[in-house]
Amino acid sequence: MRSVLVSRPGEFRLVEGPAPEPGPGEVRVAVHAAGVCASDRELFDGTRPAAYVRYPVVPGHEWSGTVEAVGEGVDPALLGRGTVAEGFRACQRCERCRAGEPTLCTTGYAETGFTEPGAFADQLIVPARLLHLLAPEVDLTSAALLEPAAVVAAAVLRAAPRAGERVAVLGCGTLGLLAVQLLGASSPVELLAVDPRPRPLALAAELGASRAVTPERLDDERGRFDLVLETAGAPGTAADACRLARRGGRVVLTGVPEPGARGLDPVELLVNQLSVHGVFGAPPAAWSYAVHCFNHGLLRPEKLVSHQLPLASFGEAMRLVGSGDPEVGKVLLRPGAR
């Protein structure tokens, strides 16, 4: 088995070793494709908060693959099935886990690709309880985007969109473009997409946005939207999302803020009686929803992929993700490619 090992910030190497054997309750997955996102770049650069990474580590938390071995106590019928899996390794015992909120587990943070070996490898070991199986006919490559889709699904479930509402999405990166698709399925009377880059705006329009505008146009949109979903994490986008919401509107924040982000105006929140929610990660219900939508064609992530690289090109993947090039969409590593 080959894997990308980041020994410490800025240092990585491709290592080889025997294929890992699944233990009781585990499966071994042959990785088909693994997405590279900004948090992987943070891991590589050393800017991810220390509590959320453990070096040395094999990164890769967005992935798809095929079950190729099962451990003791795992149903052998899983062999050969296409799958994705939740990344959070929650304890299942604390108060928050028992309440159905494993992303708020109080016993400490553990996640595939950050503190546990991830999918930038030929093979991956995961607990079978975290699997979500794919329909046989779906595209296994684009299924690698189901992890960010699950985060978006968590935001959509929290937002509870209703048919006929006016909806806005701030940021048309991977999360935002997936949000456009899921929110479009709720039949909004208007679906606005906002991004400064031409390519993401064009994709948003293609994927279902009724209008796509740059941030310079936001003053004309203030106070018009029943629901605003923020995905960018830029310094001012959380505040912009609240300004777009109508009085009594709903705002869901999913973008992890950059350093120096501007705070929300408490007077504006109070006077306008806004409901503001934050989403970090995805609970099982959100994963189930995202996979269901993907299996039935409501999510089409393939248009978001701009690059597919072999595992040995991890360094190039890091360069692309950190380049700021507006033509770079989702970058995938394909372990099977040489």
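Each value, and the rule that gives it
- Residues numbered from 1 in each chain as written.
- Predicted model: local features only at pLDDT ≥ 70, side-chain atom pairs only at ≥ 80, totals over all residues.
- Heavy atoms only, no water.
- UniProt positions renumbered as here; feature names shortened; annotations may be inferred.
- Helix = DSSP H or I, 4+ residues; strand = E, 2+ residues; numbered from the N terminus.
- Core = buried A, V, L, I, M, F, W, Y, C linked by side-chain atoms within 4.5 Å.
- Buried < 20%, exposed > 50% of the residue type's maximum accessible area, 1.4 Å probe, protein only.
- Domains from an automatic or database assignment.
- Disulfide = S-S within 2.5 Å.
- Contact = heavy atoms within 4.5 Å.
- Pairing = 2+ DSSP bridges.
- Right-handed = clockwise from strand over helix to strand, strands pointing away.
- Buried area = accessible area lost by both parts, 1.4 Å probe.
- Salt bridge = Lys/Arg side-chain N within 4 Å of Asp/Glu carboxyl O.
- Axes fitted to C-alpha atoms, helices over the stretch in contact; angles between N-to-C directions.

(A) Main features of the UniProt feature "domain: Enoyl reductase (ER)" (unreviewed entry) in the chain. In the UniProt entry, the feature "domain: Enoyl reductase (ER)" (unreviewed entry) is given for residues 7-333. As annotated, residues 7-333 comprises 24% helix and 25% strand, and the C-alpha atoms at either end are separated by 19 Å.

(B) Layout of the nonpolar core. Of all hydrophobic cores here, the largest spans 50 residues; its most connected members are Leu134, Leu146, Leu183 and Leu299. Where this core is concerned, the elements lending two or more residues are helix H3 (146-159), strand E8 (166-170), helix H4 (174-184), strand E9 (190-194), helix H5 (198-206), strand E11 (225-230) and helix H8 (284-295). With 10 residues, H3 is the largest single contributor of residues to this core. Per-domain counts for this core show at least three residues from each of domain 1 (2-133 + 301-334) and domain 2 (151-278). Val31, Val36, Leu309 and Leu320 belong to the second largest nonpolar core, which has 38 residues in total.

(C) The state of the cysteines, seen in detail. Summed over all chains, the structure comprises 0 disulfides. Distance from the sulfur of Cys37, which forms no disulfide, to the nearest cysteine sulfur (Cys172) is 17 Å. Residue class for Cys37 comes out buried when judged on its relative accessible area of 15%. For Cys242, which is in no disulfide, the shortest distance to another cysteine sulfur is to Cys172 and amounts to 18 Å.

(D) Inspection of the environment of Gly236 at higher detail. Tracing the backbone shows Gly236 in the loop between E11 and helix H6 (237-244). Each C-alpha atom of the pair Gly236 and Gly263 lies 8.2 Å from the other, and the pair is 27 residues apart in sequence. If sequence neighbours within four positions are ignored, Gly236 has contacts with Arg243 and Arg262.

(E) Highlighting the pairing of strand E12 (residues 245-253). Bridge analysis of E11 against E12 gives 5 bridges, and the strand direction is parallel. Residue pairing in the sheet places Leu229 in a bridge with Val252 of E12. You can see the chain leave E11, run along H6 and come back into E12, and the turn it takes is right-handed. Handedness of the crossover is the feature at issue here: the chain leaves E12, passes through helix H7 (residues 266-271), returns alongside strand E13 (residues 275-278), and the resulting connection is right-handed.

(F) Representation of the domain arrangement of the chain in the model. Domain boundaries assigned for the chain yield domain 1 (2-133 + 301-334) and domain 2 (151-278). Using only C-alpha atoms to locate each centre, domain 1 and domain 2 end up separated by 28 Å. Here domain 1 packs against domain 2, burying approximately 800 Å² in sum over the two surfaces, 61% of which is carbon and sulfur. Three residues, Lys303, Leu304 and Pro326, lead the burial of domain 1 against domain 2; their summed loss comes to 64% of the area buried on that side. Taken together, domain 1 and domain 2 are joined by 1 salt bridge.

(G) Representation of the pattern of salt bridges within the structure. Scanning the entire structure with this criterion turns up 21 salt bridges. Note that Arg28 and Glu21 form a salt bridge whose closest N and O atoms lie 3.4 Å from each other. Judged by its relative accessible area of 61%, Glu21 is exposed. In this structure, Asp45 and Arg41 form a salt bridge, with 2.9 Å as the shortest nitrogen-oxygen distance. With Asp45 and Arg41 both in helix H1 (residues 38-45) and 4 residues apart, the pair spans about one turn of that helix. A relative accessible area of 37% means that Asp45 is categorised as partly exposed. A residue is classified by how much of its surface remains accessible, and Arg41, at 23% relative accessible area, is partly exposed. When salt bridges that share partners are traced, they join Arg166, Glu190, Arg211, Glu221 and Arg224 into one network.

(H) Spotlight on the sheet that holds E11. The sheet built from 6 strands is open, its strands ordered E10-E9-E8-E11-E12-E13 with parallel pairing. The open sheet terminates on both sides in strands that have one partner only, identified here as strand E10 (211-213) and E13. On average, adjacent strands in this sheet sit at an angle of 15° to one another, irrespective of strand direction. Pairing between E8 and E9: 5 bridges, direction parallel. Along E9, the bridge assignment pairs Val169 with Ala193. Packed on one face of the sheet, H6 meets E8, E11, E12 and E13 and runs near 150° to E12.

(I) Looking closely at the pairing of E11. Counting buried positions over the 6 residues of E11 gives 6, a clear majority of the element. The pairing of E8 with E11 spans 4 bridges and is classified as parallel. Bridge pairing in E11 links Leu170 to Glu230.

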